[in-house]
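Descriptive analysis of the structure
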Amino acid sequence: MEEKEIWSEIPPIFWSDLLNSPFNKCIQCSRNLLEPGVIYLIEKALKGFGSEKPLQTIFEYAICLACAESMRMTLSVESRANIEEFYRKNIDFKLRKESLTDKPKEEWLKECLIKKTSLDESGECQIYGLCNGEYFSYQDFPYMISAKALDEVVDLISAKTMDELEDFKNNLTSGPPELKELFEKGGVRVLI
Ligand SMILES: [Zn+2]
């Protein structure tokens, strides 16, 4: 596949609301994300997404792949296996990509990745995207997961893992005060 088909401009829904521009710093190691070749993930928790209600960002961050991977490795082996099994059973990324490739880009976030349905009127969900510097990927990412489906995933994670995720969250909230505020409002489920 041609490079230009894989990478696009970062859509504004994946910009940082705090910056009102694309994310520029890894939340963990602070490296500059907009340099070419830096691969990173964006996660935002939203309310009112795709509904009549005003769109609200509950929390948002971008994390470089190296930091995301070391974060993932803090989860217990059992939790990682449970999560992987859940994804394997519920999602066919290859099929999804084939069916979305010729459609408008908004379609990628229209249905919950797990439930395969539109959001209810609350529009509560998390969206995930993958970037390389200033470019945005359309392959396995981006996707949207409804708050309901996230609750189901969290049920698969052991109590021990929840503690580990809580530590991660506390780490993140030692960052900018605006972010801390968002986390406190959010009741956040971090990284699945
Ligand atoms: Zn990092």
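Residues numbered from 1 in each chain as written. Predicted model: local features only at pLDDT ≥ 70, side-chain atom pairs only at ≥ 80, totals over all residues.

1. Structural notes on the pairing of strand E4 (residues 125–132)
We count it as follows: Strand pairing requires that DSSP identify at least two bridges connecting the strands. By the criteria applied, helices consist of DSSP H or I runs no shorter than four residues and strands consist of E runs no shorter than two, each listed in order from the N terminus.
With eight bridges joining them, strand E2 (residues 39–47) and E4 adopt antiparallel strand pairing. Residue pairing for E4: Glu 43 is matched across the bridge by Tyr 128. In the sheet, E4 pairs with strand E5 (residues 135–137) via two bridges, with the strands oriented antiparallel. Residue Cys 131 lies in a different strand from E5, and its bridge partner there is Phe 136. Taken together, E4 and the strand that follows it, E5, pair antiparallel across an intervening segment of two residues, in which Gly 133 is found at a positive phi of about 55°.

2. Things to note about the environment of Leu 109
Heads up, the condition is: Counting other C-beta atoms within 10 Å of a residue's own tells you its class, since 20 or more makes it buried, 12 or fewer makes it exposed, and anything in between is partly exposed; those C-beta atoms are placed from the backbone.
Along the chain, the position of Leu 109 falls in the loop between helix H4 (93–100) and E4. Of the residues examined, Leu 109 has 22 C-beta atoms within 10 Å and is grouped as buried. Put simply, Leu 109 and Ile 145 are 36 residues apart on the chain and 8.6 Å apart in space, counted from C-alpha to C-alpha.

3. A few points about the nonpolar core
It is characteristic of soluble globular proteins that their nonpolar side chains tend to be buried jointly. The test is simple: The nonpolar core is taken to be a set of buried Ala, Val, Leu, Ile, Met, Phe, Trp, Tyr and Cys residues joined by way of C-beta atoms within 7 Å. Two residues qualify as being in contact provided that their C-beta atoms, derived from the backbone, are within 7 Å of each other.
In this structure, Cys 26, Tyr 40, Ala 62, Ile 63, Cys 125, Met 144 and Ile 145 are the most contacted members of the largest nonpolar core, which totals 29 residues. Listing elements by their share of this core, those giving two or more residues are E2, strand E3 (56–64), E4 and strand E6 (143–146). Ranked by the residues each element gives to this core, the list is headed by E3, at five residues. In contact with Met 144, not counting residues within four places along its chain, are Leu 109, Cys 112, Leu 113, Cys 125 and Ile 127.

4. As for the environment of Pro 11
Within the element layout of this structure, Pro 11 appears in the loop between strand E1 (7–9) and E2. Measuring from C-alpha to C-alpha, the distance between Pro 11 and Gly 129 comes to 9.9 Å, with 118 residues separating the pair along the chain. Residues contacting Pro 11, with those up to four places away along its chain left out, are Lys 105 and Phe 136.

5. A word on unusual backbone geometry
Phe 141 connects to Pro 142 through a cis peptide bond whose omega is -5°. Residue placement: Pro 142 occurs in the loop between E5 and E6. At Asn 20, a position not held by glycine, the phi torsion is positive, near 55°. Looking at where Asn 20 falls in the secondary structure, it is placed in the loop between E1 and E2. The exposure class assigned to Asn 20 is exposed, which follows from the 8 C-beta atoms found within 10 Å. Despite not being glycine, Lys 116 shows a phi value in the positive range, around 60°. Looking at the secondary structure, you find Lys 116 in the loop between H4 and E4. You can call Lys 116 exposed: it has 11 C-beta atoms within 10 Å.

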